[in-house]
Amino acid sequence: MATTEAPSASSIWNIDASHTHIEFAVKHLMISTVKGRFADVEGHLVIVDGNPSASSVSAVIKADTIDTRTGQRDEHLRSADFLDVANFPEITFTSTRIEGDSAEFKITGDLTIRGVTKSITLGATNEGQGKDPWGGDRIGFSAKTKFGRREFGLEYNQALETGGVVVGHEVKVSIELEAVKQA
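What counts, and at which threshold
In every chain, residue numbers begin from 1 and rise along the written sequence. Predicted model: local features are reported for residues with pLDDT of at least 70 only, side-chain atom pairs are reported and counted for 80 or more only, and whole-chain, interface and lining totals are derived from all residues. Note that the side-chain values use all heavy atoms of the structure and ignore hydrogens as well as water. Counting from the N terminus, the helices are DSSP H or I runs at least four residues long and the strands are E runs at least two residues long. We define a polar contact as two N or O atoms separated by no more than 3.5 Å, with the added condition that, inside protein, one atom must be a possible hydrogen donor and the other a possible acceptor, whereas residues neighbouring each other in sequence contribute only through side-chain atom pairs. Two residues qualify as a contact provided that any one of their heavy atoms is within 4.5 Å of a heavy atom in the partner residue. Only buried Ala, Val, Leu, Ile, Met, Phe, Trp, Tyr and Cys residues count toward a nonpolar core, and they belong to the same one when joined by side-chain atoms within 4.5 Å. Type-normalised accessible area, obtained with a 1.4 Å probe on protein chains alone, sets the label of each residue: buried when under 20%, exposed when over 50%, and partly exposed for intermediate values. Salt bridge, as applied in this entry: a Lys or Arg side-chain nitrogen positioned within 4 Å of an Asp or Glu carboxyl oxygen. Here, the arc refers to the directions that run from the helix axis to the C-beta atoms. Only strands that DSSP links by at least two bridges are regarded as paired with each other. Only Phe, Tyr and Trp rings take part, Trp by its six-membered ring, and two of them pair if their centres are within 6.5 Å. Stacked means planes under 30 degrees apart, edge-to-face means over 60, and tilted covers everything else.

K.L.:
What exactly am I supposed to notice about the side chain of Ser 55 here?
P.N.:
Relative to the helices and strands, Ser 55 is located in the loop between strand 4 (41-48) and strand 5 (56-62). At 2.9 Å, the side chain of Ser 55 forms a polar contact with the backbone nitrogen of Val 48. If near-sequence neighbours (up to four positions away) are discounted, Ser 55 is found in contact with Val 46, Ile 47, Val 48 and Ile 98.

K.L.:
Would you explain the nonpolar core in this entry?
P.N.:
If you look at soluble globular proteins, the nonpolar side chains tend to sit buried side by side. In terms of nonpolar packing, the biggest core is built from 41 residues, with Leu 45 and Leu 83 touching the most fellow members. The greatest single-element share of this core, amounting to six residues, is contributed by strand 11 (residues 167-181). Discounting chain neighbours no more than four positions away, the residues touching Leu 83 are Phe 38, Ala 63, Ile 66, Leu 77, Arg 78, Phe 88, Ile 91, Ile 113, Arg 114 and Leu 154.

K.L.:
How should I be thinking about the pattern of salt bridges in this particular structure?
P.N.:
Should the charged atoms of two oppositely charged side chains come close, the side chains can pair. A full pass over the atoms with the stated rule returns eight salt bridges. With its nearest N and O atoms 2.6 Å apart, the salt bridge here joins Asp 16 to Arg 138. Taken together, the positions of Asp 16 in the loop between strand 1 (10-15) and strand 2 (21-28) and Arg 138 in strand 10 (residues 137-148) put the pair 122 residues apart, joining distant regions of the chain. Per residue, the accessibility class of Asp 16 equals that of Arg 138, and both read buried. Salt bridges sharing partners connect three or more residues here, namely Asp 16, Asp 132, Arg 138 and Glu 178.

K.L.:
Would you take a moment to explain helix 1 (residues 71-78) for this structure?
P.N.:
Residue pairs spaced three or four apart in an α-helix point in one direction, given the helix's 3.6 residues per turn. All of the buried residues in helix 1 are Asp 74, Leu 77 and Arg 78. Along the axis of helix 1, the buried residues cluster in a sector spanning 100 degrees; they form a single face. Of the exposed residues in helix 1, the ones pointing more than 90 degrees away from its buried face are Gln 72 and Glu 75. The elements touched by buried residues of helix 1 are strand 6 (66-67).

K.L.:
Quick question: what am I supposed to make of the pairing of strand 1 here?
P.N.:
Residues in a regular strand point their side chains to alternate faces of the sheet. Residues Ser 11, Trp 13 and Ile 15 line the buried face of strand 1, whereas the alternating positions Ser 10, Ile 12 and Asn 14 sit on a face that is not buried. Here five bridges tie strand 1 to strand 4, and the two strands are oriented antiparallel to one another. The residue bridging Trp 13 from the neighbouring strand is Leu 45, located in strand 4. With three bridges joining them, strand 1 and strand 11 adopt antiparallel strand pairing. Counted as the bridge partner of Ile 15 is Ala 179 from strand 11.

K.L.:
Help me understand the pairing of strand 9 (residues 116-131) in this model?
P.N.:
One ladder, built from ten bridges, connects strand 8 (residues 104-113) with strand 9; its direction is antiparallel. Across the sheet, the residue bridging to Thr 108 is Thr 121, located in strand 9. What sits between strand 8 and strand 9 in their antiparallel hairpin is a turn of two residues, with Arg 114 showing a positive phi close to 55 degrees. Between strand 9 and strand 10, which pair antiparallel in sequence order, lie five residues; one of them, Gly 135, sits at a positive phi of approximately 90 degrees.

K.L.:
Would you take a moment to explain the packing of aromatic side chains for this structure?
P.N.:
Summed over all chains, the structure comprises three aromatic pairs. Measuring from centroid to centroid gives 5.9 Å for Phe 105 and Phe 141, while their planes differ by 80 degrees, and the two rings are edge-to-face. A residue pair is termed long-range when its members are at least 10 positions apart, and Phe 105 in strand 8 and Phe 141 in strand 10 qualify at 36 residues. You'll find Phe 105 and Phe 141 in the same group, each marked buried. Between Phe 147 and Phe 152, the aromatic rings sit 5.1 Å apart at their centres with planes inclined by 70 degrees, giving edge-to-face as the arrangement. With respect to burial, Phe 147 and Phe 152 carry one shared label: buried.

K.L.:
Please clarify how unusual backbone geometry should be interpreted in this entry.
P.N.:
Across residues other than glycine, the phi torsion is negative in most instances, and most of the peptide bonds are trans. Here Asp 84, not a glycine, exhibits a phi torsion of approximately 50 degrees, which is positive. Its location among the elements puts Asp 84 in the loop between helix 1 and strand 7 (90-100). Residue Asp 84 is classed as buried on the basis of its relative accessible area of 10%. A positive phi is found at Arg 114, a non-glycine position, where the angle reads about 55 degrees.

Next up, the structure:
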């Protein structure tokens, strides 16, 4: 006699932008690190209980919300030399595969910057779940990845007299994400 398994329950969680931090770090002059963040992100997670590989993540970052705490640098990063926010106002990520268990896992997906889409993988950790004071369900995750900025058409640079370049090639990304369960 064949048995049928009950389908796993799934739920949709909306990213809480006010409690989510998407930060990046890039080498400057090959001797120090410049850090920044994006202030506006939206998206959702579909979580399938007991089956992380059936879950998914989708996020949209408003590129013009880049903030390195230096206005002149931020304007340069928004320009056609870097993010070109006038023509590419959003940075997007859509997962294509999730591997691991519900505590630690890898999220592979399509990252699009300046109209260029590449596959990246984030190492992620479930930071916990609980009720907020208003009766909502919340969940938190942290994730990290790195990628080469030139792969996304972010080519701008200047050579240094001593060798090397002004802006490093590798971008390190750190994410602290909080999401609220859809009612």
